[in-house]
Amino acid sequence: FHITSLFSLSLSLYLVVIALEEKIIISKLGDNATLSCIYRGRELHLNNLRVYWQIADDQEMCSVVHALISGQDNESEQCIHFKNRTQLFWDRLENGDFSLLLLNVSQSDEHTYKCVVLQKTEYTKVIHQAEVVLSLAASYSQPILSGPIRNSDSTGEEVTFSCKSGNGYPEPNVYWINKTDNSHLPPSELKITPHTNGTYSVFSTLKVKATSNMQIECSIENKILQENLSANYTQQKQSNDSSTESHKNLEKKGRGAQAAGIVSIVILIGLLAVLTCWLWRRRSSKLVSYTGNEAV
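First, a word on what this report is: a plain description of the structure on this page. Not measured: the values here are computed from a predicted model.

The rules behind these values
Residues numbered from 1 in each chain as written. Predicted model: local features only at pLDDT ≥ 70, side-chain atom pairs only at ≥ 80, totals over all residues. Heavy atoms only, no water. Phe/Tyr/Trp six-rings, centres within 6.5 Å; stacked < 30°, edge-to-face > 60°. Helix = DSSP H or I, 4+ residues; strand = E, 2+ residues; numbered from the N terminus. Buried < 20%, exposed > 50% of the residue type's maximum accessible area, 1.4 Å probe, protein only. Lys NZ or Arg CZ within 6 Å of the ring centre and 35° of its normal. Disulfide = S-S within 2.5 Å. Core = buried A, V, L, I, M, F, W, Y, C linked by side-chain atoms within 4.5 Å. Domains from an automatic or database assignment. Contact = heavy atoms within 4.5 Å.

A look at the packing of aromatic side chains
For the structure shown, the criterion picks out three aromatic pairs. Centroid distance Y169 to Y200: 6.0 Å. Interplanar angle 15°. Geometry classified as stacked. On the criterion of sequence distance, the pair formed by Y169 in the loop between β11 (158–168) and β12 (173–178) and Y200 in strand β15 (residues 200–209) is long-range, its members being 31 residues apart. Grouping residues by exposure puts Y169 and Y200 together as buried. Over the face of the ring belonging to F89 we find R92, whose NZ or CZ atom lies 4.1 Å from the ring centre.

Digging into the state of the cysteines
Working definition of a disulfide: a covalent bond connecting the sulfur atoms of two cysteines. Tallied over the entire structure, the rule returns three disulfides. Each sulfur in the disulfide pair C62 and C79 lies 2.2 Å from the other. One quick way to see it: the torsion about the S-S bond of C62 and C79 is about -95°, and its sign makes the bridge left-handed. Of the two residues, C62 is situated in the loop between β3 (49–55) and β4 (64–69) and C79 in the loop between β5 (72–73) and β6 (86–88); the sequence distance between them amounts to 17 residues. With relative accessibility at 37%, the residue C62 sits in the partly exposed group. Judged by its relative accessible area of 3%, C79 is buried.

Side note on the nonpolar core
Within the largest apolar cluster, 49 residues are counted, with the highest numbers of intra-cluster contacts made by W53, F98, Y113, L134 and F161. Three or more residues apiece are contributed to this core by two domains, here domain 1 (20–137) and domain 2 (141–234). Here L134 is in contact with I25, S27, A33, L35, L102, V105, D109, E110, H111 and Y113, once residues within four sequence places are set aside. V64, A67, V116 and L118 belong to the second largest nonpolar core, which has six residues in total.

A short note on unusual backbone geometry
Note that the residue after Y169, namely P170, is joined by a cis bond; omega there is -5°. Notably, N104 is not glycine yet its phi reads approximately 50°, a positive angle. With respect to the secondary-structure elements, N104 resides in the loop between β7 (100–102) and β8 (112–120). One non-glycine residue with positive phi stands out, namely Q226, at about 55°. Secondary-structure assignment places Q226 in the loop between β16 (215–222) and β17 (227–234).

Here we look at the environment of K191
With respect to the helices and strands, the residue K191 is situated in strand β14 (residues 189–194). Residues K191 and V202, spaced 11 residues apart in sequence, show a C-alpha to C-alpha distance of 5.7 Å. Beyond its immediate chain neighbours, meaning those up to four positions away, K191 contacts S201, V202 and F203.

And the structure:
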């Protein structure tokens, strides 16, 4: 019995007014998503129920996601795309929880899903229905911001910044911000690249005139996850870090030279001691020989 015919028949014979419950579910790519459908009515008998999960926003494609008829899964009309990827929670069914577990979600699963529960007593009627909007997302990596390291005398020169991030979904919004006055700067280049796993990477550049104290921020926004990741560049900080690093290198070199000098002195003293000992022994040997000759 085709699901469309069943719905047409039930709705034409019986006018049932049911409030449509609607929820938005956000899931990450590759995760499992639970599509909620909970009926809070009287005690239910599975043998008298038919539960259908279907795609509600695309009439051209196969619409049956999952079907439960008289307490048994029915795969006769299930879309191939959902084969072996859907499960009901069997321990919750008699309590009116007809939520559906969708495994390993991908971009092609982004739809509005409809849950329809029908009960057959003297006649078949719709006792509950719910809609769930499934939106997918993936967090972007922490952006990496690269910029020039220049002296203060480079003020007025054109400099280039680059910002990159990846493994996110959907396509992000990219913002360049001048932190000295929080003004937005137009990117010189913006490239968003799709990957085979469905995620995106983003690369953007910014060309601006250098100032004595540049403070630039690159921000990657994922609207669905309400995530905003940023990286900052500060000219003054870069200069200080560079000076500090140079100072540390000089200190290391100074300590190395001092240690080398001490080692050289120790070696020289050792050589002098050996030479002195050798001369003293040679002199003693000659003195003994001379004394012996006199005695003869």
